[in-house]
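A look at the structure
Each chain is listed here by its residues.
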Amino acid sequence: MTESRETLVAIVERCLAMDRLAVTVYRNFAANAADCELGEFWREMSAEEETHVAAWTDLLGLMFDREIPNLFQNPERTLRELAAQHEQVRNASAADLTLAEVPAQFLSAFRLEFYLLHPALERLWHFYHLLRESGRSPALDYESHLRKFLNALERWDAGRPELRLLGDVVLRLWTQMRELSHEASVDLLTRVLNRRGLLSQMKLLAYLSRRNDFTAGALMIDIDNFKLINDTHGHPAGDVVLANVAQLISGSVRKSDVVGRYGGEEFLVFLPQTDATAVAALGEKVRGAVELGTRGRIPATVSIGAACTQFSAGVEPGLEALIRSADRQLYVAKGAGRNVVAANC
């Protein structure tokens, strides 16, 4: 394995180890529960943590037989952070295995769930969901997992104010962490991916395209004469045009395709699974949707460059070459009079 892959494997192993500790703690709480229903609750929580353990174990297996992209800007720092949290989880859980008092169990659980929170978890779960290309990402169910603890507090009369506050804080941290992660990847004006989020998503999907031997495509889309729109109608109206065009593009492509604002008035669509004919056809569909969809408002048209490839060599160099090819075709489209699609597939 390369050094980067070894680091990524170590990150997943830390996540796996922490969730295994959670399984052990909740199983012991079930055994020491004050009544049968409380024991059943802790067994349910343990079972949910076991699904996370199964996901981490499966992800490790997938990582050993596939080319894996670097998921983190600084994987070594992520590993150090998770290693520190793992040590905190291990120290906290060691003394809590025999707890029988209800408030003490819930305090331990909230402390454990707090230490389990890290932005890396959502990114890894998202990547696992893409690799498996089916099923439901564990990240989508984690909020429900946390809410069950809060509901249980009231049920077993363990709802001390400080416990409720701690539970609310853990839940809020998780939801805000997901929201911040989402906002960091989305262009606030157009509500499609920003350049950073777009390229990150494209990289992950490109690895999947290579694994499955798919043909991938790209559409580079530019709003025609956008400066004239701004000069004639004003920049606020230009912003409205940008937002409208972004939504028209998003509504024209498939759910599996990725749409982002590449820069200024340029948008990029990545098609992870397609064929040569379909890339140009989708480009024409987008072009027509924008022309028709902006009538009655401020009229706008787009020029589109279409390209496709198979990632037979390196994925990331191939992705860069695909974007360059689509960009060259965009210039061809503009040279042909604008409001046209030029394809190199």
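Everything numeric in this text was worked out from a predicted model, so none of it was measured. (Residues numbered from 1 in each chain as written. Predicted model: local features only at pLDDT ≥ 70, side-chain atom pairs only at ≥ 80, totals over all residues. Heavy atoms only, no water.)

**Looking at the sheet that holds strand β4 (residues 302-309)**
For clarity, the threshold we go by: At least two bridges found by DSSP between two strands is the condition for calling them paired. Secondary structure follows DSSP: runs of H or I at least 4 residues long count as helices, runs of E at least 2 residues long count as strands, and numbering of each begins at the N terminus. Every axis in this analysis is a line fitted to C-alpha atoms, fitted for helices over the stretch in contact. Angles between the N-to-C directions lie between 0 and 180 degrees. We call two residues in contact when some of their heavy atoms are within 4.5 Å.
The strand order β2-β3-β1-β4-β5 describes an open sheet built from 5 strands, whose pairing is mixed. Both outer strands of the open sheet, β2 (258-263) and β5 (341-344), are each paired with one neighbouring strand and no more. Here the strands of the sheet are splayed against their neighbours by 20° on average, with no regard to which way each runs. In this structure, β4 lies alongside β5, joined through 4 bridges in parallel fashion. Along β5, the bridge assignment pairs Ala306 with Ala343. Strand contacts of helix α12 (residues 315-335): β1 (215-223), β2, β3 (266-274), β4 and β5, with the helix running at about 145° to β4, the strand carrying the most contacts.

**Some remarks on the packing of helix α9 (residues 226-233) against helix α10 (residues 235-252)**
To keep it simple, the criterion reads: By the definition adopted for this analysis, an angle is roughly parallel if under 35 degrees, roughly antiparallel if over 145, roughly perpendicular if from 65 to 115, and oblique otherwise. Here the term charged refers only to Asp, Glu, Lys and Arg, the term nonpolar to Ala, Val, Leu, Ile, Met, Phe, Trp, Tyr, Cys and Pro, and the term polar to all other amino acids, Gly among them.
Across the interface, α9 lies against α10 with an axial gap of 7 Å and an inter-helix angle of 135°. The pairing of α9 with α10 is recorded here as oblique in orientation. Contact residues: α9 offers Phe226, Ile229, Asn230 and His233, while α10 offers His235, Ala237, Gly238, Val241 and Leu242. Considering only residue class, the contact of α9 with α10 consists of 5 nonpolar, 4 polar and no charged.

**What about the nonpolar core?**
The criterion, for reference: Note on terminology: a nonpolar core comprises buried Ala, Val, Leu, Ile, Met, Phe, Trp, Tyr and Cys residues joined through side-chain atoms within 4.5 Å. Burial classification: accessible surface area is computed with a 1.4 Å probe over protein chains only, and a residue below 20% of its type maximum counts as buried, one above 50% as exposed, and the rest as partly exposed.
Core analysis: the biggest nonpolar cluster contains 82 residues, and Tyr26, Trp42, Phe106, Leu124 and Phe270 have the highest contact counts within it. Of all the elements, helix α1 (residues 3-31) adds the most residues to this core, at 13 residues. For Phe270, the contacting residues outside a window of four places in its chain are Met202, Leu205, Ala206, Ala216, Gly217, Asp257, Val258, Phe311, Leu319 and Leu322. One finds Leu242, Val253, Leu271 and Val302 within the second-largest nonpolar core, a separate group that totals 26 residues.

**Examining the packing of aromatic side chains**
Defined as follows: Between the rings of Phe, Tyr and Trp (Trp by its six-membered ring), a pair exists once the centres lie within 6.5 Å; its type follows the angle of the planes, with under 30 degrees stacked, over 60 edge-to-face, and the other angles tilted. Criterion for a charge above a ring: Arg CZ or Lys NZ at most 6 Å from the ring centre, at most 35 degrees from the ring normal.
Applying the stated rule across the entire model yields 16 aromatic pairs. Aromatic side chains Phe41 and Trp156 sit 5.7 Å apart centroid to centroid with 45° between the ring planes, which places their arrangement in the tilted category. Here Trp156 lies in the loop between α6 (138-155) and α7 (161-185) and Phe41 lies in helix α2 (residues 36-64), a separation of 115 residues in the sequence. The same class applies to Phe41 as to Trp156, namely buried. Taken together, the ring pairs in this structure connect Tyr26, Phe29, Phe41, Trp42, Phe106, Phe110, Phe149 and Trp156 into an aromatic cluster. Taking the ring centre of Tyr262 as reference, the NZ or CZ of Arg195 above it sits at 4.0 Å.

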